[in-house]
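Structural features, examined
These are the residues of each chain, in order.
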Amino acid sequence: MTILNKAFYEIGTLKVAQALIGKKLIRQIGGIELSGMIVETEAYCGSKDSACHAHRGKTNRNSVMFGPPGHAYVYFTYGMHYLLNTVTETQGNPCAVLIRAILPVDGLEEMEARRKRKGRELTNGPAKLCQALEIDKSFNGWDLTAGDKLWVEGYKKIPAKLISATPRIGIDYATEKHRNAPWRFVIKA
DNA sequence: CTCTCGATGTTCT
DNA sequence: GAACATCGAGAGG
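Keep in mind that this is a model prediction, so the values were computed, not measured. (Residues numbered from 1 in each chain as written. Chains lettered and ligands numbered in written order. Predicted model: local features only at pLDDT ≥ 70, side-chain atom pairs only at ≥ 80, totals over all residues. Heavy atoms only, no water.)

**With respect to the overall build of chain A**
Across its full length, chain A carries four helices and eight strands. Helices and strands appear in chain A in the N-to-C order α-β-β-β-β-β-α-α-β-β-α-β. Across its three principal axes, chain A shows a C-alpha extent of roughly 40 × 35 × 35 Å. The proportion of buried residues among the 189 residues of chain A is 50%. Of the contacts formed within chain A by residues at least 6 apart in sequence, a portion of 60% connects residues at least 24 apart. Carbon and sulfur atoms form 52% of the exposed surface of chain A, whose accessible area is close to 9,400 Å². Distance from the positive charge centre (27 side chains) to the negative charge centre (18 side chains) of chain A: 5 Å. (Helix = DSSP H or I, 4+ residues; strand = E, 2+ residues; numbered from the N terminus. Buried < 20%, exposed > 50% of the residue type's maximum accessible area, 1.4 Å probe, protein only. Contact = heavy atoms within 4.5 Å. Areas by Shrake-Rupley, 256 points an atom, 1.4 Å probe, with all protein chains shown as cover. Lys, Arg positive; Asp, Glu negative; His and termini not counted. Charge placed at Lys NZ, Arg CZ, Asp CG, Glu CD.)

**Brief notes about the environment of N85**
Locating N85 in the fold gives a position in strand β4 (residues 81–88). Judged by relative accessible area, which is 4%, N85 ranks as buried. Spatially, the C-alpha atoms of N85 and Y9 are 12 Å apart, while their sequence positions differ by 76 residues. Beyond its immediate stretch of four places on either side in the chain, N85 contacts H71, A72, Y73, Y75, A96, V97 and L98.

**Some remarks on unusual backbone geometry**
With a phi close to 55°, Y78 is a non-glycine residue in the positive phi region. Look at E89: it is not a glycine, yet its phi comes out positive at around 65°. Here E89 shows up in the loop between β4 and β5 (95–106). Overall, E89 belongs to the buried group, its relative accessible area being 18%.

**Considering helix α2 (residues 108–115)**
Those residues of α2 not exposed but buried are M111, E112 and R115. On an axial view of α2, the arc spanned by its buried residues comes to 100°, and they lie on one face. Of the residues in α2, the exposed ones pointing more than 90 degrees away from the buried face are E109 and A113. In the core, the buried residues of α2 are packed alongside β2 (32–44), β5 and α3 (126–132). Downstream of α2 by one or two residues, K116 has phi in the positive range, about 55°. (Arc of directions from axis to C-beta.)

**Overview of the side chain of K24**
Looking at where K24 falls in the secondary structure, it is placed in strand β1 (residues 24–29). Residue contacts for K24: discarding those within four places in its chain leaves S35, G36, M37, V105, D106, W151, V152, E153 and Y155.

**Regarding the pairing of β2**
In summary, the side chains of a regular strand alternate between the two faces of the sheet. Among the 13 residues in β2, eleven count as buried, and that is most of the element. Sheet analysis places β1 next to β2, joined by six bridges and oriented antiparallel. Counterpart to R27 in the pairing with β2 is L34. What sits between the antiparallel neighbours β1 and β2 is a turn of two residues, in which G30 has the positive phi angle 60°. Bridge count for β2 against strand β8 (residues 184–187) is three bridges, and the pairing is antiparallel. Of the residues in β8, the one forming a bridge with E42 is R184. (Pairing = 2+ DSSP bridges.)

**Some remarks on the protein's contact with DNA strand C**
With respect to spatial proximity, 22 residues lie near DNA strand C, and among them H53, N85, R115, R117 and Y173 are the closest. The sugar-phosphate backbone supplies 63% of the atoms of DNA strand C found within 4 Å of the protein. H81 is positioned such that a nitrogen or oxygen atom in its side chain is 2.9 Å from a base oxygen of DNA strand C. The separation between a phosphate oxygen of DNA strand C and a polar side-chain atom of K128 is 3.4 Å. Taken together, the elements giving at least two residues each to the surface near DNA strand C come down to β3 (72–77), β4, β5 and α3. When its residues are assigned to classes, the surface near DNA strand C shows eleven nonpolar, six polar and five charged. (Near = heavy atom within 4 Å. Polar contact = N/O pair within 3.5 Å; in protein donor to acceptor, adjacent residues only side chain to side chain. Nonpolar A, V, L, I, M, F, W, Y, C, P; charged D, E, K, R; others polar.)

Here it is, written out as structure tokens:
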């Protein structure tokens, strides 16, 4: 399958968030390949979005979002969790898409070992999938279009009818307008 | 099943 | 010093 290129990440943050549903996230550790189909994402639309980290301007933490599209923005939160985003839009426009959940495809047992858990609890949350795929701060700024260690490929075509848009999770700090914006995309059950 | 609450440390005010 | 794009254990129905 083809690795998603830089142009894919430039088509618009909301479109990327929707288009990432059904794609395959791949993590190579040594000779082993762990992967999963993306089933839930959220769009964070730059300086005008009060839920986005870049809302208050460039800081040390969010500087990767100001860089080129197609790179990973990984940050640490709640004192114990990493979250994975893909940078979108053209360089200098600080937007990103948060990967919130995947369905395991390859390397199920490896993920179970890292998570010390099985089944639904394996990768159904943004911090859970990072733990399952061993993604940490060292991937902040990683080029996702190079096909090394961590990247995203085409996988399944999901009809728009099967994708629902809902408000984003865990952003009580944002303004009402942005709290209610339907910028979270999920495959319908 | 649902709800509440504590963990834990980096970042920003 | 407060807040945080979360998770999981434990209590209760």
